[in-house]
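Coordinate analysis (summary)
Residue-level listing of the chains:
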Amino acid sequence: MSHLADTKGLFQNTLDAARTLDSKDPLKNYRERFFMPQHEGRDVIYFTGNSLGLQPKTTQGFLQQELNDWAKFGVEGHFLAQNPWLSYHELLTDKMAKIVGALPEETIMMNQLTVNLHLLMVSFYRPTKSRYKILCEAKAFPSDQYALQSQIKFHGYAIADALVEVSPREGEYHLREEDILKAIDENKDALALVMLGGVNYFTGQVFDMKSITEAGHKAGAIVGFDLAHAAGNVKLELHHWQVDFAAWCSYKYLNSGPGGVAGAFVHQAHLTITDLPLFAGWWGHDKKTRFLMDSTFVPMQSAERWQLSNAPVLSMAACRASLAIFDEVGMDALTKKSELLVAYLEMIVEDINAQKNNCLQIITPKTNRGCQLSIVANGYGKALYNKLIDNGVIPDWREPNVIRCAAIPLYNTFEDMYRFGEILKKLL
Ligand SMILES: *Cc1c(COP(=O)(O)O)cnc(C)c1O
């Protein structure tokens, strides 16, 4: 992190230092490109871009274009719209693929995240009598837990037997890499699927997806990731890492708006297997002959095969506005700022902590993290969170005792971090 060293002298908990860091930030102009919610006449300190990303100012224009074409053309907009709706999803593919390190043919925007997890497990969780276990992280996001449990039940296995959950060690918050790899190895004879969050939503820990994928494959299992907290937050190389499948939402780091269209990835190696089991719909049928309306399903040779329905154009239009910004900035510049911003936030929290009897504990690892810091405020609980809200800070609260702060490189500033520190100091 040479860029960290360059700015080390500026890593001070002062307004001047924060403003100097902002002035040197190559991405400083991007904040202006988003609508920032207000609190008592000034910008809030928005720390929840990991939950719902902010609205780019260009989103309305992308949506308006489709509304106009709908008004003008009605059904003929499928062909005559400026961006014909028939192939609208294709407009998102290349940019999305770049963000997750995938080939375009491996990437598809469709449905919602949990729906995509299920659709992909239909193809990639194929339990047999001897190989039926799924390995996941303990306390995964609830929707993922329900999805895994219901898949296991659906196939007639017992959850207690088939679901292997890897937990942090006693007294620790995050998982040790070696413990994940050991659990994979210990279950190698019965393991059908390894399915983890690429970034843990609670602690912000980034897993080593490459080595987990290698270990899973060595054990004879399929490896999939839920990238809800990874896509648009950390650098991903899904294709090179040989990940089998992945799914993510786009309304968190990818700013597509509430309930925005989700993404899915299927590795190229699986795309040529035409008889892979799947739940099919007409949009997964070969485009060239889709409208012959034949009764025999002819699968697309790309991740488009998993599409069921025609594209949700309005939701995708909103997503395009944000993907255009990501494309302009690129994940290299984004993660470079992200590392710096979160390290600055960490320094400020630690500085205040030292003044306040160490009542705070950052449970996010120092390395292997994206832009989120999860903070336990010992002895304060949810009251502290409520007071932060009253003071114009919007973090989020995760039971039982964690405040999550995401320092989003596109629209958070170093001054935000400083101001947050001052408010925190006042409240503790
Ligand atoms: C946000 C999130 C979800 C949400 O699922 P939806 O289907 O988009 O409602 C699921 N899993 C993880 C890990 C998440 O972070």
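Residues numbered from 1 in each chain as written. Predicted model: local features only at pLDDT ≥ 70, side-chain atom pairs only at ≥ 80, totals over all residues. Heavy atoms only, no water.

The biggest cluster of nonpolar side chains holds 67 residues, and the ones touching the most others in it are Ile 184, Val 194, Leu 227, Leu 238, Trp 248 and Leu 410. Elements with a contribution of two residues or more to this core: helix 5 (90-100), strand 6 (163-166), helix 9 (177-186), strand 7 (191-197), helix 10 (209-218), strand 8 (222-226), strand 9 (245-248) and helix 12 (313-355). The leading source of residues in this core is helix 12, at ten residues. The residues that make up this core include at least three from each of domain 1 (5-33 + 330-427) and domain 2 (63-328). In this structure, Ile 184 is in contact with Leu 135, Leu 191, Val 194, Ile 212, Ala 215, Gly 216 and Ala 219, ignoring residues within four places of it in sequence. Judged by nonpolar contacts, the second largest core, of 38 residues, contains Ala 17, Phe 47, Leu 340 and Met 417. (Core = buried A, V, L, I, M, F, W, Y, C linked by side-chain atoms within 4.5 Å. Buried < 20%, exposed > 50% of the residue type's maximum accessible area, 1.4 Å probe, protein only. Helix = DSSP H or I, 4+ residues; strand = E, 2+ residues; numbered from the N terminus. Domains from an automatic or database assignment. Contact = heavy atoms within 4.5 Å.)

What follows is about the domain arrangement of the chain. Along its sequence, the chain is carved into domain 1 (5-33 + 330-427) and domain 2 (63-328). Across the contact, 27 residues belong to domain 1 and 20 residues belong to domain 2. In this assembly, domain 1 packs against domain 2 so that about 2,000 Å² is buried in total across both faces, 57% of it on carbon and sulfur atoms. Contact with domain 2 buries surface across domain 1, with Met 331, Ile 363 and Gln 372 losing the most and accounting together for 25% of the total. Here domain 1 is connected to domain 2 by two salt bridges. Lys 235 is the salt-bridge partner of Asp 332, the closest N and O atoms lying 2.5 Å from each other. Broken down by secondary-structure element, the contributors of at least two residues to the side of domain 1 that touches domain 2 are helix 12, strand 12 (372-377) and strand 15 (402-406). Considering every element that reaches the side of domain 1 that touches domain 2, the biggest residue donor is helix 12, with five residues. Its residues assigned to classes, the side of domain 1 that touches domain 2 comprises 13 nonpolar, eight polar and six charged. (Buried area = accessible area lost by both parts, 1.4 Å probe. Salt bridge = Lys/Arg side-chain N within 4 Å of Asp/Glu carboxyl O. Nonpolar A, V, L, I, M, F, W, Y, C, P; charged D, E, K, R; others polar.)

In the vicinity of the ligand, the contacting residues are Leu 113, Thr 114, Phe 141, Asp 144, Asp 226, Ala 228, His 229, Tyr 251 and Lys 252. Contact between the ligand and Thr 114: an oxygen atom at 2.6 Å from a side-chain N or O atom of the residue. Lys 252 is positioned with one of its side-chain polar atoms (N or O) 2.5 Å from an oxygen atom of the ligand. For the ligand, whose free accessible area comes to 390 Å², the fraction covered by protein is 83%. Looking at the shell around the ligand, its residues break down into four nonpolar, two polar and three charged. (Near = heavy atom within 4 Å. Polar contact = N/O pair within 3.5 Å; in protein donor to acceptor, adjacent residues only side chain to side chain. Areas by Shrake-Rupley, 256 points an atom, 1.4 Å probe, with all protein chains shown as cover.)

Throughout the structure, instances matching the rule amount to four cavities of 30 Å³ or more. The calculated volume of the largest cavity comes to roughly 70 Å³. In terms of lining, the largest cavity is formed by Gly 232, Asn 233, Tyr 253, Phe 326, Leu 334, Thr 335, Ser 338, Cys 371, Ile 408, Pro 409 and Leu 410. Tallied by class, residues from the lining of the largest cavity come to seven nonpolar, four polar and no charged. Both domain 1 (5-33 + 330-427) and domain 2 (63-328) contribute no fewer than three residues apiece to the lining of the largest cavity. (1 Å grid on protein atoms, 1.4 Å probe; cavity = no way out; pocket = protein on both sides within 12 Å on 5 of 7 lines; lining within 4 Å. Points joined across faces, edges and corners; volume = space filled by probe spheres on them.)

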